[in-house]
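Listed here are the chains, written in short residue letters.
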Amino acid sequence: MTDRLLKGGVLVDGTGRRKADVLVRDGRIAAIGPDIVEASGAGVTDCRGKLVCAGFTDLHVHFREPGQSYKETIRSGSRAAARGGYTTVCAMPNLAPVPDTPETLALEQEIIDRDACIEVLPYCSITRGRKGLELTDFAALKGHCCAFSDDGSGVQDDAMMRAAMTAAAREDVILAAHCEDNALLRGGYIHDGRYAAAHGHRGICSESEWGQIARDLQLAEQTGCRYHVCHISCAESVELIRAAKARGVRVTCETAPHYLVLCEDDLQEDGRFKMNPPLRRAEDREALVEGLRDGTIDAVATDHAPHSAEEKSRGLAGSAMGIVGLETAFPVLYTELVIPGKVRLERIVEALTEGPRRAFRLPGGRVEPGAAADLTVIDPDAQWTVDPAEFLSQGRATPFAGMRVRSRIVLTLKDGEPVWQE
Ligand SMILES: [Zn+2]
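Calculation rules
- In every chain, residue numbers begin from 1 and rise along the written sequence.
- In view of the model being predicted, local features appear only for residues whose pLDDT reaches at least 70, and side-chain atom pairs are presented and counted only at 80 or more, with totals across whole chains, interfaces and linings using the full set of residues.
- Excluded from the side-chain calculations are hydrogens and water; all other atoms, namely the structure's heavy atoms, are used.
- Donors, by definition, are the N, O and S atoms found within 2.8 Å of a metal, the threshold being 3.2 Å for Na, K and Ca, and water is not counted, so a site can look incomplete.
- Only DSSP runs of H or I with at least four residues qualify as helices, and only runs of E with at least two residues qualify as strands; both kinds are numbered from the N terminus onward.
- Buried, partly exposed and exposed residues are distinguished by accessible area as a fraction of the type maximum, computed with a 1.4 Å probe on protein chains only: under 20%, between the cut-offs, and over 50%, respectively.
- Under the pairing criterion, centres of Phe, Tyr and Trp rings, with the six-membered ring standing for Trp, must be within 6.5 Å; the plane angle then separates stacked pairs below 30 degrees from edge-to-face pairs above 60, leaving the rest tilted.
- It only takes one pair of heavy atoms within 4.5 Å for two residues to be counted as in contact.

**Q** Explain the coordination of the zinc ion here, please?
**A** Tetrahedral metal sites with four donors have an ideal angle of 109.5 degrees; octahedral sites with six donors have ideal angles of 90 or 180 degrees. The zinc ion binds to the protein through D151 (OD), H178 (ND1) and H231 (NE2), with metal-donor distances spanning 1.9 to 2.3 Å. Counting along the primary sequence, the residues that act as donors to the zinc ion give the motif D-x26-H-x52-H. Residue D151 is found in the loop between α3 (138–141) and α4 (158–171), and its partner H178 is found in the loop between β11 (174–177) and β12 (190–191); the two are separated by 27 residues along the sequence. Comparing D151 with H178 shows no difference in burial state: the two are buried.

**Q** What should I look at first to understand the packing of aromatic side chains in this one?
**A** Each aromatic ring pair is described using two quantities: the centre-to-centre distance and the angle formed by the ring planes. Going through the model one piece at a time under the given rule, you end up with 5 aromatic pairs. When the ring of Y123 is compared with that of F360, the centres are 6.0 Å apart and the planes differ by 80 degrees; the resulting orientation is edge-to-face. Of the two residues, Y123 is situated in the loop between β10 (119–122) and α3 and F360 in the loop between α13 (354–359) and β17 (375–385); the sequence distance between them amounts to 237 residues. Its relative accessible area of 3% is what places F360 among the buried residues. Centroid distance F138 to F148: 4.4 Å. Interplanar angle 40 degrees. Geometry classified as tilted.

**Q** I keep staring at the environment of R83 and nothing clicks. Help me out?
**A** Mapped onto the elements of the fold, R83 is located in helix α1 (residues 74–83). Measuring from C-alpha to C-alpha, the distance between R83 and E327 comes to 6.2 Å, with 244 residues separating the pair along the chain. Contacts of R83, omitting those with residues within four sequence positions, involve E327, E390, F391, L392, R408, I409 and W420.

What follows is the structure, encoded as structure tokens:
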């Protein structure tokens, strides 16, 4: 393993920033301090003018393998993640086969072991085949996955969700819920608001999300289960979770960059603006930003959800749900939230590092002596235009295409080894 000295950078975490050198040895952080003098022949990386943080953790990605490798693979997805500054990602289980038994999970893990360039932690499903009818065996699976989720759909049946939470509490595992009440969908595919009305589209109401969150928060309170809410998109969800946290419910949540910086006013008649949940009102966007600022929102996840160009070519009505996000997340957040002074850099970094790791009880997420050298180096002054043709992801659909952004990931180290370097 190569030793490396990151020289002259500014270390950033949730608590603040300070100028310090970081010495990496044998894959771990060996020393941090001002003016570390390099005597052991480690390669020196000039980090003057750069930010140095812990490698990012994304609690919500879709790497599509096994089953749909024409959309993304664990190889392409993990390389896209490394380029975005991520050293750990959690991969959702809407796969074929669904990882719902030790045997089907082993198929996914085999590909991860072979092809991933960063840490990829699989989810297992809450119910067999994600069908909502029969619980998976949490006890048999829990040592081998980061959490349980039926992401892609909500657990519709109240009794089934109660049973899942009871089992999750007993086995001390995390349930990560995609909250969506199918009874309220009525064929909708973008937010049920101004844009949908003006352009004749069928809308999804916010209650389809927050109604199920409200149900789940009650169940989580009654069962004592550790409950994580995926990709919240509306003001009511923020308020429900803020109140639940205040009364001691064991709940954490995430939102995604697109909900923090876009809203229905940004919609265009193009599949790259279509994801689930949808872009909502400007008021929802502002409530999410406030939730991120005050810590109600624990993590910013990408919900990186690649599809083929053809699947995203059918406009708002006909395209598949989902956009890519790993290669644009930090620059978008930095440009739209940090530079205008809406959210402090330290808070953004925390929501990409310690925040998600605490939520999922993963160690690390801080730049500390003795920690694994999972590190991300950022040039805050770089300016570039998002061009999906340059993505390492096989997915190209992003609402940020053509956007001029500030900041760029210039180096990502996983266990001290570069997995992305500009
Ligand atoms: Zn989802």
